[in-house]
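# Secondary and tertiary structure notes
Spelled out, the chains give:
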Amino acid sequence: MEENAIRPSEYREINRKLHDEDIEDLMSKRDEFIYIDCPTCSESKERELFNKKGFRFVECNCCKTIFINPRPSVEMLTEFYANSRSMKYWNEVIFPQTENNRKNLIVKKRADRIIDLCNKYNNDLERIVDVGAGFGTFCEVIKDENIFKEVIAVEPSDPLAKTCLQKNIKTFNMPIEDVSIFNISVMTCFEVIEHLFDPNDFLRGCHNKLNLGGLLFITTPNIEGFEMSMLMTLPEESYTPNLGGPDHLNYFSPSSLTKLLENNKFEVLEILTPGELDVDIVRQKFESEEYDFSQVPIIKNILMEYKTLGVKFQQFLADNKLSSHMWAVARKY
Ligand SMILES: [Zn+2]
């Protein structure tokens with residue numbers, strides 16, 4: 001898969017400028033950002049890794065979680081997302097224009113994987129709740145599959161919740177912590193946890209609502225994956241939306257995500273990295289001359305021979321927990 005199918009480059013350019021303006025607004029309040037201990041293990045000792053657009057990236061000395069510290073408060077993040085020009089552009093232009101591709105290239109595979117894993121772990125298929133449902137695309141697809149008796153969206157953002165409702169999906173327009181439904185067999189949280197001020201609060205909320213033995217699926221970037229590892233070596237001014245604040249505040253690896261889930265009374269059944277975009281994203285950075293691979297021609301050859309070597313290399317990454325898109329399958333105990 002190529003990135004342009006889901007994020008066309010002309011839109012990315014416009015979005016980048018809008019996002020820079022959003023960040024500029026937020027940075028006027030940088031003095032009010034809050035210092036936190038490690039969001040995975042609460043360790044207070046950390047080391048600074050790098051800065052990006054005014055955000056300071058650190059690594060926990062203990063569990064190696066990478067996170068932005070200090071970070072905007074929950075209120076600042078809420079305000080940021082409510083007023084963000086970039087978010088508005090995503091909602092009004094990029095998402096509607098790419099929804100079909102997303103559905104076919106990402107969401108259908110996602111739904112099939114969820115169904116396979118539920119069958120594998122013998123989970124009951126009564127009620128599935130998608131937390132952070134966004135445009136409701138996943139809910140729509142999983143509803144069409146007719147496997148679960150009830151499909152529910154939980155979406156705190158007003159305009160997105162409205163979109164879910166328009167798709168005839170039962171929707172709760174609030175954070176999961178405030179939702180008054182229990183008896184949930186399966187919970188899915190696609191690309192949510194990296195955005196949160198406090199992932200532990202969120203997981204406690206999920207744990208509270210999920211049936212004993214119920215399955216929780218989390219997807220998030222894998223900071224030890226090929227794309228993320230390569231992006232970390234780029235200069236501070238490079239545009240790397242997957243690695244940047246305030247959208248992505250927490251960066252996990254297979255081991256730190258396992259630790260976070262275990263700390264919140266989930267048994268981790270599997271970690272997968274089925275990502276498909278590492279090679280294409282790094283290749284584009286090479287093409288835009290942000291990387292100089294002249295000292296390592298083998299990397300250049302793999303990336304540039306995308307249709308043959310690149311595709312195989314991507315499969316190698318996915319098979320060996322080295323892709324930057326990670327799934328955790330966990331069971332509440
Ligand atoms: Zn830690």
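Refer to the structure printed above.
Reading the values: rules and limits
Residues numbered from 1 in each chain as written. Predicted model: local features only at pLDDT ≥ 70, side-chain atom pairs only at ≥ 80, totals over all residues. Heavy atoms only, no water. Salt bridge = Lys/Arg side-chain N within 4 Å of Asp/Glu carboxyl O. Helix = DSSP H or I, 4+ residues; strand = E, 2+ residues; numbered from the N terminus. Buried < 20%, exposed > 50% of the residue type's maximum accessible area, 1.4 Å probe, protein only. Donors = N, O, S within 2.8 Å, 3.2 Å for Na, K, Ca; no water. Tetrahedral: all angles 85-135°; square planar, octahedral: opposite > 155°, others 65-115°. Expected span 1.5 Å × (residues − 1). Bend = angle between axes of the 7 residues up to and from the residue. Polar contact = N/O pair within 3.5 Å; in protein donor to acceptor, adjacent residues only side chain to side chain. Core = buried A, V, L, I, M, F, W, Y, C linked by side-chain atoms within 4.5 Å. Contact = heavy atoms within 4.5 Å.

## Focus on the pattern of salt bridges
In this structure the tally under the stated criterion is 28 salt bridges. As a salt-bridge pair, R85 and D25 come within 3.1 Å of each other at their nearest N and O atoms. Of this pair, R85 sits in helix α3 (residues 85-120) while D25 sits in helix α1 (residues 9-27), and the two are 60 residues apart along the sequence. Its relative accessible area of 41% is what places D25 among the partly exposed residues. Where E126 meets K149, a salt bridge forms, and the shortest distance between an N and an O atom there is 2.9 Å. Highlighted residues: E126 in the loop between α3 and β4 (127-131) and K149 in the loop between α4 (137-145) and β5 (150-154), separated in sequence by 23 residues. Through salt bridges that share partners, E2, D280, R283, E287 and K307 make up one connected network.

## Here we look at the coordination of the zinc ion
Each donor-metal-donor angle in an ideal tetrahedron of four donors is 109.5 degrees, and each such angle in an ideal octahedron of six donors is either 90 or 180 degrees. Protein-derived ligands of the zinc ion are C38 (SG), C41 (SG), C60 (SG) and C63 (SG), with the metal-ligand distances lying across 2.3 Å. One can describe the donor arrangement at the zinc ion as tetrahedral, given that its four donor atoms subtend angles of 100 to 115° at the metal. Look at where the donors of the zinc ion fall in the sequence and you get C-x2-C-x18-C-x2-C. On the basis of relative accessibility, which here comes to 1%, the residue C60 falls in the buried class. According to the relative accessible area criterion, C63 is buried, its value standing at 8%.

## A word on α3
Taking 1.5 Å of rise per residue, 36 residues should cover 52 Å, yet α3 covers just 42 Å from first to last C-alpha, more than 12% shy of that figure. Bending of α3 peaks at approximately 55° at the position of E99. Where α3 begins, one side-chain oxygen reaches toward the backbone nitrogen of S86, 3.3 Å away; that side chain belongs to S84.

## Details of the nonpolar core
In this structure, F55, F57 and L243 are the most contacted members of the largest nonpolar core, which totals 38 residues. Of all the elements in the fold, those that place two or more residues in this core are α1, β2 (55-60), β3 (66-68), α2 (74-83), α7 (226-232), α9 (278-287), α10 (297-304) and α11 (306-319). Non-local contacts of F55, meaning those with residues more than four positions away in its chain, are made with I23, L26, M27, F33, F50, I68, G245 and P246. V129, M187, C189 and C206 belong to the second largest nonpolar core, which has 30 residues in total.

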